[in-house]
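Spelled out, the chains give:
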Amino acid sequence: MPSNSASTDKNKTLLKSSDEWQKNLVARLSSLQVDDTTSDVDIIVGAHKIATHKTVLLLNSDLLTAGEISHNSRSQKMEIELLPEFSEMFEIVKAVVESFYTGKISVTHKNAKGVYKFGICYSVEWLTEQTFPILKEMINPQNFAELFDLAQNVGCKSLTTACLQKFDEKLAAAMAPTPEWLEQDYYRVKLISLSNDVQIPEIKMFEIVCTWLDHKPLERSSLSLSLLSNIHFELIDHTNLVNQVFRWINGSKSIDDTVRLSLFKIVSSATQKNKLGYPAGFSRSKFSTKESESATSSPSPMQFLNSNPMSTPFSFGKPKPFNSSFTQF
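Quick word on the nonpolar core
Core analysis: the biggest nonpolar cluster contains 55 residues, and F167 and F233 have the highest contact counts within it. Residues contacting F167, with those up to four places away along its chain left out, are F144, A172, M175, I192, V198, Q199, I200 and I208.

Laid out in structure tokens, this is it:
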């Protein structure tokens, strides 16, 4: 019967052999990317094809082999057609497929969005984890709209939150006059106006929403109450309520008289809450917590409208001439 030491030596030898076998396997796997003779899959990217191997795809993504798959009787290969949005991203997809063999990919600000989108759409976890920090670094006034749109299109909560947390006063001021903001989709604007992750004073949130509404007043008039009801007017100091909020409501062409009256009632309710003494710079997240603790005693703006249909708007006296465009960010 073999001794314990002999058994241990044998186990060590087997472990070394196993480690060497794994290294050889990885080396052979990497070499397959240039071996078209063993390829059994073609990935269709627009008018281009990328030869690859089903085993390699399965090691990286289950979803790639579960999409639009067909069999080419001439080449005797499986064909996987990618989603239409990748048809113009051949170089990016090619680099991603190569990374399936090598475990590495060069990601820059130029290709990061495409790489991340591929990782999300086809559930390549290591790819999204490595690319996400690069996208976070890219969030600025120039890229915000595009990255925020990407987050919504692929349903990525992490990227959505990262964008909203970067939405501060400086970013809002830089974006407000740009086409990227003025032509932003209503649902994106609504998501921003609802978020407790934004880092922006409430008066600035009011201004940037109004800027968006005033860009196309007739077209967006029906959306005004839905958006402005998300503003926490009780977090705006009395001076700004008088000089900016009331003046905009009183003179804006982006709202009709019915909405104007509703907004007067909401802001009137806010002035009462404002007297409770929210400190300067009180954040939305803190406000949200305080609201949940005192929900029974302090109705929300919309609750106020529903429970006080005959309430009359407050008066600030005779308003000053009003300019609906906000330039004082």
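A short note on helix α7 (residues 157–165)
Within α7, burial applies to L159, T160, A162, C163 and L164. Among the structural elements, α4 (112–121), α5 (125–138), α6 (144–153) and α10 (186–194) are those in contact with the buried residues of α7.

Focus: the packing of helix α11 (residues 202–215) against helix α14 (residues 238–251)
At a minimum axis distance of 11 Å, the contact between α11 and α14 shows a crossing angle of 20°. By the angle between their directions, the pair α11 and α14 is classed as roughly parallel. Handedness of the crossing formed by α11 with α14: left-handed. Facing α11, whose interface residues are I203, F206, E207, C210, L213 and D214, α14 presents N240, Q244, V245 and W248.

Considerations on the pairing of strand β4 (residues 77–81)
Counting buried positions along β4 gives four out of five residues, so the element sits mostly inside the fold. Here strand β1 (residues 41–45) runs beside β4; their pairing, made up of four bridges, is parallel. Pairing of V41 across the sheet is with M78, part of β4.

A short note on the packing of aromatic side chains
For the structure shown, the criterion picks out 12 aromatic pairs. With centroids separated by 5.0 Å and ring planes inclined at 40°, the aromatic side chains of F118 and Y122 adopt a geometry described as tilted. Summarising the burial analysis for this pair, F118 and Y122 share the class buried. Arranged with centres 5.4 Å apart and planes meeting at 15°, the rings of F144 and F148 form a pair that is stacked. Taken as a pair, F144 and F148 lie in helix α6 at a separation of four residues, close to a single helical turn. For the pair F144 and F148, a shared accessibility class is recorded, and that class is buried.

Criteria and cut-off values
- Residues numbered from 1 in each chain as written.
- Predicted model: local features only at pLDDT ≥ 70, side-chain atom pairs only at ≥ 80, totals over all residues.
- Heavy atoms only, no water.
- Core = buried A, V, L, I, M, F, W, Y, C linked by side-chain atoms within 4.5 Å.
- Buried < 20%, exposed > 50% of the residue type's maximum accessible area, 1.4 Å probe, protein only.
- Contact = heavy atoms within 4.5 Å.
- Helix = DSSP H or I, 4+ residues; strand = E, 2+ residues; numbered from the N terminus.
- Axes fitted to C-alpha atoms, helices over the stretch in contact; angles between N-to-C directions.
- Parallel < 35°, antiparallel > 145°, perpendicular 65-115°, else oblique.
- Left-handed = near helix turned anticlockwise from the far one by under 90°.
- Pairing = 2+ DSSP bridges.
- Phe/Tyr/Trp six-rings, centres within 6.5 Å; stacked < 30°, edge-to-face > 60°.

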